[in-house]
Amino acid sequence: MTPHASTSIPARPLLDIKDLSVHYPGTADRPFKAVDSLSFSIGTGETVALVGESGCGKSTTALAIMRLLRKPAAISGGEILFDGQDLLTLPEGEMQLLRGGAVSMIFQEPMTSLNPVLKIGFQIAEGILRHKTISKTAATQEAVRLLTQVGIPLANDRYHAYPHQLSGGMKQRVMIAMALACRPMLLIADEPTTALDVTIQAEILELIDRLKSELEMSLLLITHNLGIVAERADRTVVMYGGRAVESARTDRLLEAPLHPYTRGLLASLPQNSTPRSLLPTMSAGGGESVSGELGCLFSARCPYRESDCIAASPEFVEAEPGHYVACWRTKRQ
Amino acid sequence: MTAPAQPIIEIRGLRKQFTHKPSPFLPGQTVTAVDRVDLVITPGETVGLAGESGCGKSTLARMVMGLTTPTAGEILFRGKQLDALRGDDLTEFRKSVQMIFQDPFSSLNPRMRVGEIIAEPLRIHRLVPREDARETVHGLMERVGISPDLYDRYPHEFSGGQRQRIGIARALAVSPQVVIADEPLSALDISIQAQIMNLLLELQKSLGLAYLLISHDLAVIRHLSDRVAIMYLGNIVEESESEKIFTNCRHPYTEALLSAIPGLVRTGSRQTRRDSDNAAPAAGIGCRFRTRCPYSKELCHTTEPPLEEKTPGHKAACHFSHDLYGR
C-alpha cells in the first residue's frame with residue numbers, strides 16, 4: 001500500500017467535522033472547552049492521525065464522533081457529517097445502528113474494554129447479531145472467521161476463551177475483530193497500541209493497515225507516537241489545548257512543520273538528537289496563561305511569542321496548499 | 001569502555017524461579033523469570049535493559065534492590081554478597097541503591113505533603129537533624145526543578161512530569177550511587193519525556209550516578225545508555241556498548257526489536273515476528289528464540305547458544321552471529 005498515493009481530495013469526504021466544540025461546565029461564566037472549533041475531514045480510504053499531548057482533546061473528539069461522551073461533557077456546537085449526514089442530529093436509535101456498523105472504534109486498553117465474564121467469541125457474535133439479520137449459528141461462524149482474519153490461531157477453540165486467558169496483543173486483536181465485524185466504513189483507533197510491546201505494536205498496525213485496504217476503510221488514528229504517525233498516516237492533525245494548530249500531509253508536516261508546537265515536539269524526540277546530549281525542550285509555560293477566549297493557547301510556551309499572540313487567537317489558515325496552521329508568526333512572514 | 005573500574009554492582013549467574021500452583025491437588029509449575037544473568041554496573045555509567053514485557057527486566061531490578069530473593073546466583077555490592085550484608089553494610093547498601101518507579105501517580109503517598117515524601121528517606125536514615133531537614137529538601141527540590149515553595153502541597157496538585165521529578169528527588173535524598181529506573185518515562189508525554197531525560201543526564205553528570213535503566217522504548221534506551229543489554233525470556237541475549245547495539249546488532253531478536261520501532265522515516269518492508277501465539281520453547285534445550293527466529297537452523301533446536309563475546313566487548317547468544325552479522 002502506498003498511503004500517499006491517495007491524497008487527492010475526493011469529491012465528498014467520508015467524515016467532515018466542522019467547528020466541533022465540546023464543553024465541560026467549568027466556572028459558572030466560563031465553561032472548559034475540551035474541543036474548541038475543531039474542523040477536519042477524512043476521505044474514503046484515507047488515514048488521518050490526530051496527535052497531541054494528553055488532555056489536548058484527541059479522545060474527546062473520538063468520543064464525540066461516536067456520540068459516546070458522558071455527562072457533564074456536552075457538544076456545544078458544530079457538525080459531524082458522516083457520509084453527508086449530520087451525526088449530531090441523528091436520533092439515538094439510528095446512532096446505535098451506526099455504532100459498530102458503519103463507524104467502529106478500537107479503544108486504548110484492550111484489558112478493560114472486553115467484558116471479563118463473557119467468551120470472546122460471543123462478544124464478537126453479539127455485535128453481528130445486533131446489526132445483521134442472521135442466524136446465531138451463522139454469527140458464530142462469522143465470529144470464528146473474524147478471529148482467523150485478525151491472526152488468532154485455533155480460532156474455533158479460542159471462540160470459547162475468556163479475556164483473561166489471552167495476552168494483551170491477542171486481546172487487542174479481538175477488539176479489532178469486534179470493530180471490523182460489520183465492515184465499517186470508518187474505523188476510529190484510539191491509541192490502539194500504547195499498552196503493547198513494540199514487536200506486537202508493529203504486528204497490530206500491520207494488521208490494521210492490511211484490513212483497511214481489504215475493506216476500503218477510512219481510519220482515524222489517535223496517537224501520541226510520532227513514529228507511528230510517520231509510518232501510517234496520510235494526513236496529520238496536530239491538536240493543542242482543544243484546537244487544531246496544524247494540519248498537513250504527514251510527510252510535509254514532518255519535513256517542514258510550521259507551528260512552533262509541532263516543531264518543539266519533533267525536536268524533543270531522542271531520535272533527532274545525538275545520544276546522551278541534552279534534548280531541546282519546550283518551556284513548561286508559566287507566566288501569564290492566556291484565557292480561553294483571547295490569544296493563542298500556546299503563547300505561554302512559545303519561544304516566538306509577540307504581543308499580538310496574546311491579544312487575539314490566530315486563525316487556522318492555509319499556509320501552503322493543503323498545509324494549514326494557526327500561528328501569527330506564519331502570517332507575519 | 002576504558003580501564004575497568006571497580007564495579008558497584010556485579011551480578012553473577014542470577015536466576016529467579018516462581019512456582020505457580022493452580023490448585024492444591026496439582027503439581028506446581030515453575031516459571032523461570034530470570035536465568036543465568038551476568039551484569040556489571042560501574043560508577044557513573046548507564047546500563048540500559050531492554051526487552052518485551054514479561055522478559056524479566058523488572059524481576060531483575062527487584063533482585064538488585066534486594067526486594068526479591070534470587071533462586072540462584074549472586075549479587076555483589078562493592079564486592080560483598082548482597083544476602084550476606086548485615087548491619088552498617090546493609091544500611092550503606094540501602095542508601096547507595098535507590099529506585100525511580102514507572103507510575104508517578106501510584107508511587108507517591110497521596111496523603112503526604114511532597115516535602116515530607118522527599119524528607120522521609122532522610123528521616124529513616126537519620127542523615128540530617130530534624131531542624132535542617134526542610135532546608136535539605138528545599139535543595140533537593142531545586143535540584144530536580146520544583147520550586148521549594150511547593151513543599152506543603154500534596155501529590156495530586158502536580159502533573160505527571162512534576163511527580164516524576166518528586167520521585168527522583170526522593171531517590172536522591174540519601175545521595176545514592178546507583179539509581180534503578182524502571183520505565184521512568186513511559187507514563188509521560190513526549191515533551192515531558194525530553195525534560196525528564198535531560199534531568200537524568202544532568203544529575204548523572206553532576207552527581208556521578210550510575211543508572212540501571214529499564215525500558216521497552218529503545219529510543220529512550222539509546223539516548224541515555226552507555227551500555228545496553230537485551231533480554232529475552234529471562235536471558236540476556238545481547239550486550240554491548242550502546243551504539244553498537246543500534247548500528248550493528250549481533251542477535252536476530254535485537255534485529256527484530258529494532259525493525260519494529262516505527263521510525264520517523266518511512267521504511268520499506270519490516271521483519272515482523274511470526275505468530276506471536278507460539279508457546280515459548282522450554283529452557284535448556286536449544287535456543288529459546290528459535291520459534292520466532294527467521295534464521296533458525298538444525299543446531300538451534302538442539303543446542304542452546306551461550307552468551308559469548310563475538311567481537312571485542314560485544315556479547316551475543318546466537319550460533320550464527322558471525323554468519324549473519326559478519327565478524
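Keep in mind the model is a prediction, meaning the values are calculated, not measured.

Draft legend 1. Expanded view of the overall build of chain A. Across its full length, chain A holds 13 helices and 12 strands. Scaling as 2.2 N^0.38, a compact globule of 333 residues should have a C-alpha radius of gyration of about 20 Å, and chain A matches this with 21 Å. Across its three principal directions, the C-alpha atoms of chain A cover 65 × 50 × 40 Å. For chain A, the residues scored as buried account for 53% of the 333 residues in total. Contacts in chain A between residues at least 24 apart in sequence constitute 63% of all its contacts with a sequence separation of at least 6. With an accessible surface of roughly 14500 Å², chain A has 53% of that area assigned to carbon and sulfur atoms. For chain A, the separation between the mean place of its 32 positive charges and that of its 35 negative charges on side chains is 4 Å.

Draft legend 2. Examining the packing of aromatic side chains more closely. Tallied over the full model, the rule gives eight aromatic pairs over all chains. Plain terms: the ring middles of Y240 of chain A and F298 of chain A are 5.1 Å apart, the flat faces sit at 85° to each other, and that makes the pair edge-to-face. Pair noted here: Y240 of chain A is in strand β9 (residues 235–240) and F298 of chain A is in the loop between α11 (260–267) and α12 (307–311), with a separation of 58 residues, a long-range link. The burial state of Y240 of chain A is the same as that of F298 of chain A; both residues are buried. Taking the centre distance of 5.1 Å and the plane angle of 75° together, the rings of F77 of chain B and F93 of chain B count as edge-to-face. Of this pair, F77 of chain B sits in strand β4 (residues 72–77) while F93 of chain B sits in helix α2 (residues 87–96), and the two are 16 residues apart along the sequence. Among the aromatic residues, those joined into a ring-pair cluster are Y240, Y261 and F298 of chain A. The lysine or arginine in question, R329 of chain A, covers the ring of Y304 of chain A, its NZ or CZ lying 3.8 Å from the ring centre. Between K297 of chain B and the ring centre of F320 of chain B, over which it is positioned, the NZ or CZ distance is 4.4 Å.

Draft legend 3. Quick look at the confidence of the model for chain A. Confidence in the prediction for chain A averages 88 pLDDT; 93% of positions are at 70 or higher. Within the model, pLDDT remains below 50 along residues 1–7 of chain A, and this stretch shows 12 contacts once partners closer than five positions in the same chain are excluded.

Draft legend 4. Region of the structure containing the pairing of strand β1 (residues 9–20) of chain B. Residues and elements named next belong to chain B. Across nine bridges, β1 lies against strand β2 (residues 29–41) in antiparallel orientation. The residue bridging L14 from the neighbouring strand is V37, located in β2. Here five bridges tie β1 to β4, and the two strands are oriented antiparallel to one another. Counted as the bridge partner of E10 is L76 from β4.

Draft legend 5. The arrangement of the sheet that holds strand β3 (residues 47–51) of chain A in detail. Residue and element names in this part refer to chain A. Spatially, β6-β7-β8-β3-β9-β10-β12-β11 is the arrangement adopted by the eight strands of the open sheet, whose pairing is mixed. What marks the edges here is a single partner per strand, and that holds for β6 (103–106) and β11 (317–320). Taking each pair of neighbouring strands and ignoring which way they run, the sheet shows an average axis angle of 20°. Note that β9 and strand β10 (residues 243–249) share six bridges and pair antiparallel. Looking at the pairing, M239 lines up with A244 of β10. Lying on the sheet, helix α1 (residues 58–66) is in contact with β3, β6, β7 (186–190), β8 (218–222) and β9; it crosses β6 at an angle near 145°. Running at roughly 100° to β9, α11 makes contact with β9 and β10 of the sheet.

Draft legend 6. Representation of the side chain of N198 of chain B within the structure. Position of N198 of chain B among the secondary structure elements: in helix α6 (residues 190–207). In this structure the side chain of N198 of chain B is engaged in a polar contact, spanning 2.6 Å, whose partner is the backbone nitrogen of L279 of chain A. Those residues within four positions of N198 of chain B in sequence are excluded, and the remaining contacts are S277, L278, L279 and T281 of chain A.

Draft legend 7. Just the interface of chain A and chain B, in detail. At the junction of the two partners, chain A supplies 43 residues and chain B supplies 38 residues. Between chain A and chain B the total buried area reaches about 3500 Å² when both faces are included, carbon and sulfur atoms providing 56% of it. Applying the counting rule to chain A against chain B returns one salt bridge. Viewed at the interface, chain B and chain A are joined by 10 residue pairs in polar contact (both at pLDDT 80 or more). With seven residues, the top contributor of residues to the side of chain A that touches chain B is helix α8 (residues 198–215) of chain A.

Draft legend 8. Main features of helix α1 (residues 57–65) of chain B. All names here are of chain B. Buried residues dominate α1, accounting for seven of its nine residues. Within α1, burial applies to K57, T59, L60, A61, M63, V64 and M65. Of the residues trailing α1, G66 is marked for its positive phi of about 80°.

Draft legend 9. Layout of the sheet that holds β1 of chain B. Residues and elements named next belong to chain B. Strand order in this open sheet of four strands is β2-β1-β4-β5, and the pairing throughout is antiparallel. With partners counted over all chains shown, the strands left at the sheet margins are β2 and β5 (80–81), one partner each. Where β4 meets β5, two bridges bridge the pair, whose relative direction is antiparallel. Following the sheet pairing, L76 is matched in β5 by Q81. Across the face of the sheet, α1 comes into contact with β1, β2 and β4 while running at roughly 115° to β1.

Draft legend 10. Here's a closer look at the nonpolar core. Core analysis: the largest hydrophobic core is formed by 59 residues, its most contacted members being M141, I168 and I230 of chain B. By residue number, the principal contributor to this core is α6 of chain B, which donates seven residues. Beyond its immediate stretch of four places on either side in the chain, I230 of chain B contacts A50, N235, I236, V237, E238, I245, Y253, T254 and L257 of chain B. Grouped together as the second largest cluster of nonpolar side chains are 40 residues, I106, I120, V144 and A189 of chain A included.

The rules we used
- Residues numbered from 1 in each chain as written.
- Chains lettered and ligands numbered in written order.
- Predicted model: local features only at pLDDT ≥ 70, side-chain atom pairs only at ≥ 80, totals over all residues.
- Heavy atoms only, no water.
- Helix = DSSP H or I, 4+ residues; strand = E, 2+ residues; numbered from the N terminus.
- Rg over C-alpha atoms; globule rule 2.2 N^0.38 Å.
- Buried < 20%, exposed > 50% of the residue type's maximum accessible area, 1.4 Å probe, protein only.
- Contact = heavy atoms within 4.5 Å.
- Areas by Shrake-Rupley, 256 points an atom, 1.4 Å probe, with all protein chains shown as cover.
- Lys, Arg positive; Asp, Glu negative; His and termini not counted.
- Charge placed at Lys NZ, Arg CZ, Asp CG, Glu CD.
- Phe/Tyr/Trp six-rings, centres within 6.5 Å; stacked < 30°, edge-to-face > 60°.
- Lys NZ or Arg CZ within 6 Å of the ring centre and 35° of its normal.
- pLDDT = per-residue confidence, 0-100.
- Pairing = 2+ DSSP bridges.
- Axes fitted to C-alpha atoms, helices over the stretch in contact; angles between N-to-C directions.
- Polar contact = N/O pair within 3.5 Å; in protein donor to acceptor, adjacent residues only side chain to side chain.
- Buried area = accessible area lost by both parts, 1.4 Å probe.
- Salt bridge = Lys/Arg side-chain N within 4 Å of Asp/Glu carboxyl O.
- Core = buried A, V, L, I, M, F, W, Y, C linked by side-chain atoms within 4.5 Å.

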